[in-house]
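Residue strings, one per chain:
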Amino acid sequence: DAGVIQSPRHEVTEMGQEVTLRCKPISGHNSLFWYRQTMMRGLELLIYFNNNVPIDDSGMPEDRFSAKMPNASFSTLKIQPSEPRDSAVYFCASSPYTTGYVYEQYFGPGTRLTVT
Amino acid sequence: KQEVTQIPAALSVPEGENLVLNCSFTDSAIYNLQWFRQDPGKGLTSLLLIQSSQREQTSGRLNASLDKSSGRSTLYIAASQPGDSATYLCAVKGGSEKLVFGKGTKLTVNP
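My aim in this report is to walk through the structure given alongside it, one point at a time. (Residues numbered from 1 in each chain as written. Chains lettered and ligands numbered in written order. Predicted model: local features only at pLDDT ≥ 70, side-chain atom pairs only at ≥ 80, totals over all residues. Heavy atoms only, no water.)

**Digging into the overall build of chain B**
For chain B, the helix and strand inventory stands at 0 helices and 11 strands. Each helix and strand of chain B, placed in order from N terminus to C terminus, yields the pattern β-β-β-β-β-β-β-β-β-β-β. By the compact-globule yardstick of 13 Å for 111 residues, chain B fits well, its C-alpha radius of gyration being 13 Å. The long-range share in chain B, meaning contacts at least 24 apart out of those at least 6 apart in sequence, stands at 53%. Split by element, the accessible area of chain B, about 5200 Å² in all, is 48% carbon and sulfur. Distance from the positive charge centre (11 side chains) to the negative charge centre (9 side chains) of chain B: 6 Å. (Helix = DSSP H or I, 4+ residues; strand = E, 2+ residues; numbered from the N terminus. Rg over C-alpha atoms; globule rule 2.2 N^0.38 Å. Contact = heavy atoms within 4.5 Å. Areas by Shrake-Rupley, 256 points an atom, 1.4 Å probe, with all protein chains shown as cover. Lys, Arg positive; Asp, Glu negative; His and termini not counted. Charge placed at Lys NZ, Arg CZ, Asp CG, Glu CD.)

Here it is, written out as structure tokens:
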């Protein structure tokens, strides 16, 4: 399996521009997570989906952020308009359906976003 | 609100030394705890997952323990090697599918 795939790996954009980050989860996994990692705040969950349905978006910082999962093999995280404080590494992770307490998330390599 | 703390933030040891990384969490009502490794510029790799009913898990030179009642976990690395240099993060899972992460311990193993 190729693992979780994210694109682009690096993105540099100017303030005010729209940014779209993409994620392909591991085939067969039905939960997908978007995280943001910064030096100050560490790794924070932004939103997660179960079976393509957003379950908890309480971590999305503001209305400029939106996420979609149109099918089981693709998700996007969009920032519009982008601001310098959005600069961070954005990770996507997926996990299989679980029963009981067995649970493991598999992370993609991340997208490093720089907003100037 | 669950908070996860990892101490120390950074650790430097000579090759061959045994070492312990610490993780504490404020809400003991967890389903499991997971230790991850992150190399610079890379994603996270899961190392060990301990369910709330378990006390420890072992994988090779790694041993993770969990004391849910006191809100603590440790990751023990035996006979450390330069290749172990990375940032180690712990994360706890509560009632939802959310993982709450600590900020990590940056480990450097010197040859």
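**A look at the environment of L49 of chain B**
Residue and element names in this part refer to chain B. Positionally, L49 belongs in strand β5 (residues 44-51). A relative accessible area of 17% means that L49 is categorised as buried. In sequence terms L49 and S24 are 25 residues apart; their C-alpha atoms lie 15 Å from each other. (Buried < 20%, exposed > 50% of the residue type's maximum accessible area, 1.4 Å probe, protein only.)

**Section: the pattern of salt bridges**
Residue and element names in this part refer to chain A. By the definition in use, this model includes 10 salt bridges over all chains. R85 is paired through a salt bridge with E62; the nearest N and O atoms lie 3.2 Å apart. One end of the pair, R85, is in the loop between β8 (74-79) and β9 (88-95); the other, E62, is in the loop between β6 (53-56) and β7 (65-71), and 23 residues separate them in sequence. With a relative accessible area of 27%, E62 lands in the partly exposed category. Residue E83 pairs with R85 through a salt bridge whose shortest N-O separation is 2.6 Å. Judged by relative accessible area, which is 53%, R85 ranks as exposed. (Salt bridge = Lys/Arg side-chain N within 4 Å of Asp/Glu carboxyl O.)

**Brief notes about the interface of chain B and chain A**
The partner chain A presents 24 residues to the 20 residues of chain B that form the contact. Together chain B and chain A conceal approximately 1800 Å² of surface at their shared face, both sides included; 54% is due to carbon and sulfur atoms. Summed over the three residues of chain B that lose the most area to chain A, namely L44, E97 and K98 of chain B, the buried surface amounts to 31% of that side. Applying the counting rule to chain B against chain A returns 0 salt bridges. In this assembly, chain B and chain A are joined by 2 residue pairs in polar contact (both at pLDDT 80 or more). The residue makeup of the side of chain B that touches chain A, split by class, is 6 nonpolar, 9 polar and 5 charged. (Buried area = accessible area lost by both parts, 1.4 Å probe. Polar contact = N/O pair within 3.5 Å; in protein donor to acceptor, adjacent residues only side chain to side chain. Nonpolar A, V, L, I, M, F, W, Y, C, P; charged D, E, K, R; others polar.)

**Quick notes on the state of the cysteines**
Taken as a whole, this structure holds 2 disulfides over all chains when the rule is applied. One disulfide in the model links C23 of chain A with C92 of chain A; its S-S distance is 1.9 Å. With the S-S dihedral at roughly -65°, the linkage between C23 of chain A and C92 of chain A falls on the left-handed side. Note that C23 of chain A is positioned in strand β3 (residues 19-24) and C92 of chain A in strand β9, a separation of 69 residues in sequence. Classification of C23 of chain A as buried rests on a relative accessible area of 1%. The disulfide that involves C23 of chain B links it to C90 of chain B, with 1.9 Å between the sulfurs. Every disulfide takes its handedness from the sign of the S-S torsion; for C23 of chain B and C90 of chain B that torsion is 70°, giving right-handed. Pair noted here: C23 of chain B is in strand β3 (residues 19-25) and C90 of chain B is in strand β9 (residues 86-93), with a separation of 67 residues, a long-range link. Residue C23 of chain B shares its accessibility class with C90 of chain B, and that shared class is buried. (Disulfide = S-S within 2.5 Å.)

**Quick word on the nonpolar core**
Ranked by size, the top nonpolar core spans 22 residues in total, and within it F25, L33, W35, L75, I77, Y88 and L107 of chain B carry the most contacts. Ignoring sequence-local partners within four residues, the contact set of I77 of chain B consists of E17, N18, L19, R61, L62, D84, Y88 and L107 of chain B. If you look at the next biggest cluster of nonpolar residues, it comprises 21 residues, including L32, F65, Y90 and L113 of chain A. (Core = buried A, V, L, I, M, F, W, Y, C linked by side-chain atoms within 4.5 Å.)

**Some points on the side chain of Q6 of chain B**
Residues and elements named next belong to chain B. As for its placement among the helices and strands, Q6 is situated in strand β1 (residues 4-7). In this structure Q6 comes out as buried when scored by relative accessible area, which is 8%. Of note is the side chain of Q6, whose polar atom sits 3.0 Å from the backbone nitrogen of C90. Residue contacts for Q6: discarding those within four places in its chain leaves N22, C23, W35, Y88, L89, C90, G102, K103, G104 and T105.

Function cannot be read off these values alone, since they describe shape.
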